[in-house]
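Letter by letter, the chains look like this.
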Amino acid sequence: MRKKNQGGSLFQKAATKIHTFRSWVIGISIFLVLVYGYIFLWPVVPNQSNTQDAAVYKVKITPQSSLASIAQQLQNQGLSTHTLPLQISAKALLVGSKLKPGTYLLPLNASLGKVLLQIARGDRVKESITIIPGMTIWQLRGQIDSHPALIHQTKGLSSKALLQSLNLDFPSVEGLFFPDTYVFDPDELDINIYRRASQAMQKQLAQAWMQRPSESPLKTPYELLILSSIIEKETGKSSDRGLVSAVFINRLSKGMLLQTDPTVIYGIGPRFDGNLRKADLRRDTPYNTYMRKGLPPSPIAMPSKESIQAAIHPAKSNALYFVAKGDGSSHFSESLAEHESAVNRYQRKSSSNAN
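Notes on the structure follow.

What counts, and at which threshold
Residues numbered from 1 in each chain as written. Predicted model: local features only at pLDDT ≥ 70, side-chain atom pairs only at ≥ 80, totals over all residues. Heavy atoms only, no water. Helix = DSSP H or I, 4+ residues; strand = E, 2+ residues; numbered from the N terminus. Buried < 20%, exposed > 50% of the residue type's maximum accessible area, 1.4 Å probe, protein only. Areas by Shrake-Rupley, 256 points an atom, 1.4 Å probe, with all protein chains shown as cover. Contact = heavy atoms within 4.5 Å. Core = buried A, V, L, I, M, F, W, Y, C linked by side-chain atoms within 4.5 Å. Patch = residues over 30% accessible without salt bridge, like charges linked within 9 Å, V, L, I, M, F, W, Y side chains within 5 Å. Salt bridge = Lys/Arg side-chain N within 4 Å of Asp/Glu carboxyl O.

1. A closer look at the overall build of the chain
Inference 1: Looking only at helices and strands, the chain features 13 helices and eight strands.
Inference 2: Within the span of the chain, comprising 355 residues, buried residues form 41% of the whole.
Inference 3: Total accessible area on the chain stands at roughly 19,900 Å², and carbon and sulfur atoms take up 54% of it.

2. Focus: the environment of Ala120
Inference 1: Looking at the element boundaries, Ala120 is found in helix H4 (residues 112-121).
Inference 2: Among the residues examined, Ala120 registers a relative accessible area of 13% and is labelled buried.
Inference 3: Measuring from C-alpha to C-alpha, the distance between Ala120 and Leu99 comes to 4.3 Å, with 21 residues separating the pair along the chain.
Inference 4: When sequence neighbours within four positions are dropped, the list of residues in contact with Ala120 reads Val95, Lys98, Leu99 and Lys100.

3. Points about the nonpolar core
Inference 1: Ranked by internal contacts, the top residues of the largest apolar core, which has 51 residues, are Ile131, Leu140, Leu176, Phe177, Leu224 and Phe248.
Inference 2: Counting residues per element, the ones that place at least two in this core are helix H5 (137-145), helix H6 (159-165), strand E5 (181-184), helix H7 (190-209), helix H8 (221-234), helix H9 (241-254) and helix H12 (305-312).
Inference 3: Of all the elements, H7 adds the most residues to this core, at eight residues.
Inference 4: For Phe177, the contacting residues outside a window of four places in its chain are Ile131, Ile137, Leu140, Leu166, Tyr194, Ala197, Ser198, Met201 and Met302.
Inference 5: Residues Val44, Leu112, Leu116 and Ala120 belong to the second largest nonpolar core, which totals 24 residues.

4. Brief notes about H12
Inference 1: Those residues of H12 that fall on the buried side of the exposure criterion are Ser307, Ile308, Ala310, Ala311 and Ile312.
Inference 2: On its buried face, H12 is in contact with H7, H8 and H9.

5. Notes on a nonpolar patch on the surface
Inference 1: A surface patch of nonpolar side chains, about 310 Å² in accessible area, is lined by Tyr36, Phe40 and Leu41.
Inference 2: When you line up the elements, Leu41 lands in helix H1 (residues 2-41).
Inference 3: Its relative accessible area of 69% is what places Leu41 among the exposed residues.

6. Focus on the side chain of Ser245
Inference 1: Counting through the fold element by element, Ser245 comes out in helix H9.
Inference 2: In this view, Ser245 contacts Ile231, Ala310, Ala311 and Pro314; residues no more than four positions away in its chain are not counted.

Right, here's the structure in full:
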């Protein structure tokens, strides 16, 4: 009899434990349903947009923000969320350390869970500025100054002040910014675009300068930048870059005038009307390479990587002259007589076509 009672007691204890476990599981399940139900069903984004796009709501999260700070920022921008719920929700979704700063366009009436997952993915608004090879500094500054998504810290600064802001020591701000597309978050400081582009250009110049041949007439990386910018403006067809570079390298080595129109045009500045006159070629300025030997005092544009490489690795050629053929390419000559013949041929052809 005692053994039966003992067995019954054990059975009752086991049943009690199972019941307790079931109750605990049910309780946890109910709790999780409530938590995840709140996370994914309860809307925290307003039902009216705060942007021109009626279907989204715009918020911004600053860099290096804690979960508490993110909660406060979202609340300040109109979302119905508080610190503790956001912290619990972020940890429940395993995204507590994955939330990324930036500007986000959230769906109207979106839940906290949907908001947190979007922020964790980094699905944010991106803007961009593209520096095109051959662009001048006044064109670049105009583009950056007018970009609506930038905070215009440098607008109105002189070239000297801009150089100082970037901690750059060069005679001019021209040519210092590498052509590329620079992606940024809305409300970025414009100085950051200049800084990234100038650092990219310095990197390209440093890499190219290490490859320069010993016989190169270029004395500094800045001279490399100047020549690269001239090659950029003189090249109509990319396959001609190496030969264009060879002409200028050969002329520099022989102490000849470069005699290149783009430098004269740059000296005229933004007021150039597209018509280069003989009087312009006879007007002595620091950029008139028909009257002054050597390189001009600064670059005349933003050169591409290809032009920088061409300046360091010119084609093997004795050419000293070239003339545009009218199809984007150029004819290269080693002698003045050959060059004059080519000028007559292609200019006559161009003039007859125009008539």
